[in-house]
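Examination of the molecular architecture
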Amino acid sequence: MSQPAVSSVQPGSLYVVATPIGNLDDISARALRILREVALIAAEDTRHSVRLLQHFGIETPLAACHEHNERDQGGRFLARLQAGEDVALISDAGTPLISDPGYHLVRQARAAGIAVVPVPGACALIAALSAAGLPSDRFIFEGFLPAKAAGRRARLEQVREEPRTLIFYEAPHRILECLQDMRDVFGGDRPALLARELTKTFETLQGLPLAELCEWVGADSNQQRGECVVLVAGWQAPEGEDAVSAEALRVLDLLMAEMPLKRAAALAAEITGVRKNLLYQVALERKA
């Protein structure tokens, strides 16, 4: 009995290609070469990306790969890759997968043994961080916050005592509400920066304490337009014996809802290690 034929075709590579976030001069020579040489470009929005390709005289065919179809349509790209063709993955702007589609295709490609090759370039969060003047040795990227106020505040509460620099993306029609929630959760004195329309004509980087940043954005509707990145300084622990952590306050609030203030303060002190007299004073202030 004859053995089944083994394909000698070497699979192609999936190139994850960063594209400009505004200024077209930011595209790299390598990115342009890859986009010209691949057999197919998987694009978040083909109507958007065709303008980029036309600007650089690139005639490579485009196919849609967005959040609504990449799970189901990934097989068509894998088939091309397994047939020996190279494919490039791009988003509307910046680096694919960073709050953009592409994760499922990359994961499927790696699972299938396809080489995934990053072609680095523009990324809004890194561009903003590099110019923010906030600590950049350690940071966390939270992407887009929930659209509804309750969910947004809940997420902010989760990172209120995060010591690393915080980076968020936000839609322009929610930017003022977002900053106001940050002010209320993190405190008005927390240093922050709004980076808006990076690399574009009306690029703005404004660093202020959150309370002042809210006022500045609220007073100028132009600052409520375009692509927004918000950076917030990490939490710094209060110094001295009068420090009361957010966790201690959470415990105190839960106990205050169930028992008299004095008892709540005493029990909270046993649980958290914070001085009983200090917690009792805080309880009185929070009850007022």
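Going by the structure above, here's the rest.
The sections below set out a description of the structure shown in this document. All values derive from a computational prediction rather than experimental measurement. (Residues numbered from 1 in each chain as written. Predicted model: local features only at pLDDT ≥ 70, side-chain atom pairs only at ≥ 80, totals over all residues. Heavy atoms only, no water.)

**Let's talk about the overall build of the protein chain**
Scanning the protein chain from N- to C-terminus turns up eleven helices and ten strands. In terms of overall size, the protein chain is more extended than a compact globule, its C-alpha atoms giving a radius of gyration of 25 Å where 288 residues would be expected to give roughly 19 Å. Principal axes of the C-alpha set define a box for the protein chain whose edges measure 85 × 60 × 30 Å. Residue burial in the protein chain is summarised as follows: out of 288 residues, 42% are buried. Of the contacts made within the protein chain by residues no fewer than 6 positions apart, 68% connect residues no fewer than 24 positions apart. Total accessible area on the protein chain is roughly 15,600 Å²; 49% of this is exposed by carbon and sulfur atoms. (Helix = DSSP H or I, 4+ residues; strand = E, 2+ residues; numbered from the N terminus. Rg over C-alpha atoms; globule rule 2.2 N^0.38 Å. Buried < 20%, exposed > 50% of the residue type's maximum accessible area, 1.4 Å probe, protein only. Contact = heavy atoms within 4.5 Å. Areas by Shrake-Rupley, 256 points an atom, 1.4 Å probe, with all protein chains shown as cover.)

**Regarding the sheet that holds strand E3 (residues 62-64)**
Read from one edge to the other, the open sheet built from five strands follows the order E3-E2-E4-E1-E5, with strand pairing classed as parallel. In this open sheet, the two edge strands, each paired with only one partner strand, are E3 and strand E5 (115-119). Averaged over all pairs of adjacent strands, the angle between strand axes in this sheet comes to 25 degrees, irrespective of strand direction. Note: strand E2 (residues 40-43) against E3, three bridges, orientation parallel. Bridge pairing in E3 places alanine 42 opposite alanine 63. Strands in contact with helix H4 (residues 103-111) are strand E1 (13-17), E2, strand E4 (87-90) and E5; relative to E1, the strand with the most contacts, it is inclined by about 150 degrees. (Pairing = 2+ DSSP bridges. Axes fitted to C-alpha atoms, helices over the stretch in contact; angles between N-to-C directions.)

**What to know about the sheet that holds strand E7 (residues 165-170)**
Taken together, five strands build an open sheet; the order of strands is E6-E7-E10-E8-E9 and the sheet is mixed. The open sheet has two edge strands, strand E6 (139-144) and strand E9 (204-209), and neither has a second partner. In this sheet, neighbouring strand axes are inclined to one another by 15 degrees on average, regardless of whether the strands run parallel or antiparallel. Summarising the sheet, E7 and strand E10 (residues 228-232) pair through five bridges and their orientation is antiparallel. The residue of E10 that forms the bridge with leucine 166 is valine 232. Against the sheet, helix H5 (residues 124-132) touches E6, E7, strand E8 (191-196), E9 and E10, its axis set at about 45 degrees to E10. Here helix H8 (residues 210-218) sits on the sheet and contacts E8, E9 and E10; the angle it forms with E9, its principal contact strand, is near 135 degrees.

**What about the state of the cysteines?**
Under the defined criterion, the tally for this structure stands at zero disulfides. The thiol of cysteine 178 is not disulfide-bonded; the next cysteine sulfur, from cysteine 214, is found 8.9 Å away. The thiol sulfur of cysteine 228 is not disulfide-bonded, and the nearest other cysteine sulfur, from cysteine 178, lies at 9.0 Å. Looking at cysteine 228, the relative accessible area reads 3%, which means it is buried. (Disulfide = S-S within 2.5 Å.)

**Digging into the layout of surface pockets**
Quantified by volume, the largest pocket comes out at close to 810 Å³. Lining of the largest pocket is provided by 33 residues; of these, Glu44, Asp92, Ala93, Asp100 and Glu227 occupy positions nearest its centre. Those elements that place two or more of their residues in the lining of the largest pocket are helix H2 (46-55), E7 and E10. Ranked by the residues each element gives to the lining of the largest pocket, the list is headed by H2, at four residues. Of the residues in the lining of the largest pocket, the class split is 15 nonpolar, nine polar and nine charged. When its residues are assigned to classes, the lining of the second largest pocket shows eleven nonpolar, four polar and seven charged. (1 Å grid on protein atoms, 1.4 Å probe; cavity = no way out; pocket = protein on both sides within 12 Å on 5 of 7 lines; lining within 4 Å. Points joined across faces, edges and corners; volume = space filled by probe spheres on them. Nonpolar A, V, L, I, M, F, W, Y, C, P; charged D, E, K, R; others polar.)

Take it as geometry only, folks, not as evidence of what the structure does.
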